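Architecture at a glance
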Amino acid sequence: MPAQDRESFVDKPQINVGFVIYTLGDQPGTLNAVWGHQIYGGGTGKAVGGEGPGYIGTYHIIYYNWEGRKLVENTLEITAQTDHYDLTWHKEGTIVTRGIGRETPAGLIAGIRFLPD
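This section reports on the structure supplied with the text. The shown structure was predicted, so the numbers you read here are calculated from the model rather than taken from an experiment.

1. What to know about the overall build of the protein chain
When you go through the protein chain residue by residue, the secondary structure sums to 1 helix and 8 strands. In sequence order, the protein chain lays out its α and β elements as α-β-β-β-β-β-β-β-β. For the protein chain, the proportion of its 117 residues judged to be buried stands at 33%. On the protein chain, roughly 7200 Å² of surface is accessible, and the fraction owed to carbon and sulfur atoms is 57%.

2. Digging into the pattern of salt bridges
Evaluation of the coordinates by the stated rule reveals 1 salt bridge. Of the charged contacts, one joins Glu 73 and Lys 70 as a salt bridge, the two residues approaching to 2.3 Å between their closest N and O atoms. Judged by its relative accessible area of 25%, Glu 73 is partly exposed. A residue is classified by how much of its surface remains accessible, and Lys 70, at 44% relative accessible area, is partly exposed.

3. Some remarks on the pairing of strand β1 (residues 17-24)
Two strands pair when backbone bridges link them, and β1 and strand β8 (residues 107-114) are joined in this way by 6 bridges, in the antiparallel orientation. Among the inter-strand pairings, Val 20 is bridged to a residue of β8, identified as Ala 110. Here 7 bridges tie β1 to strand β2 (residues 30-37), and the two strands are oriented antiparallel to one another. Its bridge partner being in β2, Phe 19 is matched across the sheet by Gly 36. Once β1 ends, the chain turns through 5 residues before running back antiparallel as β2, passing Gly 29 with a positive phi of about 80°.

4. A few points about a nonpolar patch on the surface
Taken together, the side chains of Ile 15, Ile 39 and Tyr 40 present a nonpolar region at the surface, about 330 Å² in accessible area. You can see Ile 15 is positioned in the loop between α1 (3-11) and β1. By relative accessible area, Ile 15 is classed as partly exposed at 47%.

5. Here we look at the side chain of Asn 65
Locating Asn 65 in the fold gives a position in strand β4 (residues 57-65). Using a relative accessible area of 11% as the deciding quantity, one classes Asn 65 as buried. Among the polar contacts listed, one links the side chain of Asn 65 to the backbone nitrogen of Arg 69, at a separation of 2.9 Å. Each residue touching Asn 65, except ones within four places of it in the same chain, is listed here: Gly 42, Gly 43 and Leu 71.

Cut-offs used in this document
Residues numbered from 1 in each chain as written. Predicted model: local features only at pLDDT ≥ 70, side-chain atom pairs only at ≥ 80, totals over all residues. Heavy atoms only, no water. Helix = DSSP H or I, 4+ residues; strand = E, 2+ residues; numbered from the N terminus. Buried < 20%, exposed > 50% of the residue type's maximum accessible area, 1.4 Å probe, protein only. Areas by Shrake-Rupley, 256 points an atom, 1.4 Å probe, with all protein chains shown as cover. Salt bridge = Lys/Arg side-chain N within 4 Å of Asp/Glu carboxyl O. Pairing = 2+ DSSP bridges. Patch = residues over 30% accessible without salt bridge, like charges linked within 9 Å, V, L, I, M, F, W, Y side chains within 5 Å. Polar contact = N/O pair within 3.5 Å; in protein donor to acceptor, adjacent residues only side chain to side chain. Contact = heavy atoms within 4.5 Å.

Purely spatial values, then, with no claim about function.
What follows is the structure in structure tokens.
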């Protein structure tokens, strides 16, 4: 990237981006989440309904803020690609968020972006 492009990129505020870290839950097909977002803050989450061991599957997930207040409920789909995972969140059949992640020793770590944007 040319220097002038890097400078203009750095000067622009990056909005509507965040991250989530999923770890496998105590029960098969469950995930625990820790999330953060540039606009909405952060918190935790709990997903149920996966296909068994590992992260792949379709889940019902509820996200909470750090005080434990429920913020949002979604359907989360995690699919494996050759070198990463694709994550898609649905609300009432509409895609509301997309992400891309990689499995690490700390869990499945993904960058996210709410749609439309």
